[in-house]
Amino acid sequence: MEKIKLILKGFIVGLGKIIPGVSGGMLAISLGIYEEATLSLAHFFKDVKKSSVFLGLLGIGMIFAIVTMSGVIEFCLVKYYLPTMLLFIGLMLGGFSSIKKEVQGTSIKDYFWYCFIPFVLMMVLQYTQSSQTFIYDGSVKSVLFLFLFGVIDAVTMIVPGVSGTAILMLLGCYTMLLETFSHLFDVSMLATTLHVLVPFSCGVLIGVFITIKIVSYFIEKHSISFYYMILSFFMSSVFLLFLQTLKRSYSVFTIFVSFICFVVGYFISKFLDLHYNS
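For the structure given in this document, a descriptive report is provided here.

Analysis parameters
- Residues numbered from 1 in each chain as written.
- Predicted model: local features only at pLDDT ≥ 70, side-chain atom pairs only at ≥ 80, totals over all residues.
- Heavy atoms only, no water.
- Helix = DSSP H or I, 4+ residues; strand = E, 2+ residues; numbered from the N terminus.
- Rg over C-alpha atoms; globule rule 2.2 N^0.38 Å.
- Buried < 20%, exposed > 50% of the residue type's maximum accessible area, 1.4 Å probe, protein only.
- Contact = heavy atoms within 4.5 Å.
- Areas by Shrake-Rupley, 256 points an atom, 1.4 Å probe, with all protein chains shown as cover.
- Lys, Arg positive; Asp, Glu negative; His and termini not counted.
- Charge placed at Lys NZ, Arg CZ, Asp CG, Glu CD.
- Phe/Tyr/Trp six-rings, centres within 6.5 Å; stacked < 30°, edge-to-face > 60°.
- Lys NZ or Arg CZ within 6 Å of the ring centre and 35° of its normal.
- Disulfide = S-S within 2.5 Å.
- Core = buried A, V, L, I, M, F, W, Y, C linked by side-chain atoms within 4.5 Å.
- Expected span 1.5 Å × (residues − 1).
- Bend = angle between axes of the 7 residues up to and from the residue.
- Axes fitted to C-alpha atoms, helices over the stretch in contact; angles between N-to-C directions.
- Parallel < 35°, antiparallel > 145°, perpendicular 65-115°, else oblique.
- Left-handed = near helix turned anticlockwise from the far one by under 90°.
- Nonpolar A, V, L, I, M, F, W, Y, C, P; charged D, E, K, R; others polar.

1. Some details on the overall build of the protein chain
- Each helix and strand counted, the protein chain has 13 helices and zero strands in total.
- Counting from the amino terminus, the protein chain carries its helices and strands in the arrangement α-α-α-α-α-α-α-α-α-α-α-α-α.
- In terms of overall size, the protein chain behaves like a compact globule, its C-alpha atoms giving a radius of gyration of 18 Å where 278 residues would be expected to give roughly 19 Å.
- The principal-axis extents of the C-alpha atoms in the protein chain amount to approximately 55 × 55 × 40 Å.
- Burial status across the protein chain gives 45% buried among its 278 residues.
- Taking the intrachain contacts of the protein chain between residues at least 6 apart in sequence as the baseline, contacts between residues at least 24 apart amount to 81%.
- With the model as given, the accessible surface of the protein chain reaches about 14600 Å², and the carbon-plus-sulfur share is 72%.
- In the protein chain, which carries 17 positive and 13 negative side-chain charges, the distance between the mean positions of the two groups comes to 5 Å.

This is how it looks when you write it as structure tokens:
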């Protein structure tokens, strides 16, 4: 049962990687698996069996979500934008208490800059827009760009609060990557898919290796400062996601359904956190 719950948590984190504005890392924190996943990666060879099982189950859930749900999420964002977004906002808020307890007994005044800098960074990213669209043409330049996108995605994957999909959208490559993943099992497009995924995946692997070392250092040596940064990223992300949803108009019925989705997401996060980490 515990293995199934971990796969399910990986599945939810994988979905968070697809939704623009939602942070997979923040969902991992909300679900109570972020720190263990980070330290398992950073110190993989200290306990290979335990780390392999934990990361393997988590990875199965994430990969399954990305491969099978990319098309579904794309459809839901077009047809049911508000319910989809509020479901994931609920998932994030459900884990707020698990983050807050990490800094209990400390004063935010002593860690002001650790809160202020992430907030400013999130505001800058939110209001930075790109009109360019990345097109893969098989050239060395486009391959290098795919590798760089992979590194950037890895960093946003591990640093909670920063949405990888939002950054990739700013870089103009989100749609292309989403379509690539949604056609992963289309044999007729296998060659094109591999040409995109291989350099991108290499970038992800290298980016994960470098970023995980930095993040694990902060968790082990400066945990209070780290979690204040996470709280800042967390509150900024939720605030900006709410602002993003308010840019559209909705019917009363849509708002009602969306509220139900928000509540469902909140209690799913609470349930998984309670039963997996107890």
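2. Let's talk about the packing of aromatic side chains
- Per the stated rule, a full pass over the model turns up 13 aromatic pairs.
- Their ring planes at 50° and their centres at 6.2 Å tell us that Tyr111 and Tyr114 sit as a pair that is tilted.
- Given a relative accessible area of 19%, Tyr111 falls into the buried group.
- In this structure Tyr114 comes out as partly exposed when scored by relative accessible area, which is 36%.
- Seen from the ring of Tyr81, Arg248 lies directly overhead, with NZ or CZ sitting 3.7 Å from the centre.

3. So, the state of the cysteines
- Within this structure, the stated rule accounts for zero disulfides.
- No disulfide involves Cys173; its nearest neighbouring cysteine sulfur is the one of Cys202, lying 16 Å away.
- No disulfide involves Cys261; its sulfur sits 9.6 Å from that of Cys76, the nearest cysteine.

4. Brief notes about the nonpolar core
- Counting 65 residues, the largest nonpolar core has Tyr34, Ile99 and Leu177 as the members making the most contacts within it.
- When residues of this core are assigned to their parent elements, the largest contribution, ten residues, is made by helix α12 (residues 223–245).
- If sequence neighbours within four positions are ignored, Ile99 has contacts with Met26, Ile29, Tyr227, Ile230, Leu231 and Phe234.

5. A few points about helix α1 (residues 2–18)
- Between its first and last C-alpha, α1 extends 25 Å over 17 residues, near the 24 Å set by a 1.5 Å rise per residue.
- Counting buried positions along α1 gives twelve out of 17 residues, so the element sits mostly inside the fold.
- Lys5, Leu6, Lys9, Gly10, Phe11, Ile12, Val13, Gly14, Leu15, Gly16, Lys17 and Ile18 are the residues of α1 that are buried.

6. Some remarks on the side chain of Thr245
- By secondary structure assignment, the location of Thr245 is in helix α12.
- Residue Thr245 is classed as buried on the basis of its relative accessible area of 3%.

7. Some details on helix α4 (residues 48–79)
- The end-to-end C-alpha separation of α4 is 44 Å, in line with the 46 Å expected for 32 residues at 1.5 Å each.
- The sharpest bend along α4 reaches about 60° and sits at Met69.
- Ser51, Phe54, Leu55, Leu57, Leu58, Gly61, Met62, Ala65, Val67, Ser70, Ile73 and Leu77 are the residues of α4 that are buried.

8. Examining the environment of Lys9
- Note that Lys9 resides in helix α1.
- Classification of Lys9 by relative accessible area gives buried; the value is 0%.
- On a C-alpha basis, the gap between Lys9 and Ser269 in space is 9.0 Å, while along the polypeptide they are 260 residues apart.

9. Quick word on the packing of helix α8 (residues 140–158) against helix α11 (residues 190–221)
- Put simply, α8 and α11 touch, their axes get as near as 6 Å, and they point 40° apart. As the angle between them shows, α8 and α11 are arranged oblique. Both α8 and α11 take part in a crossing whose hand is right-handed.
- Broken down by class, the residue content of the contact of α8 with α11 amounts to 18 nonpolar, five polar and one charged.

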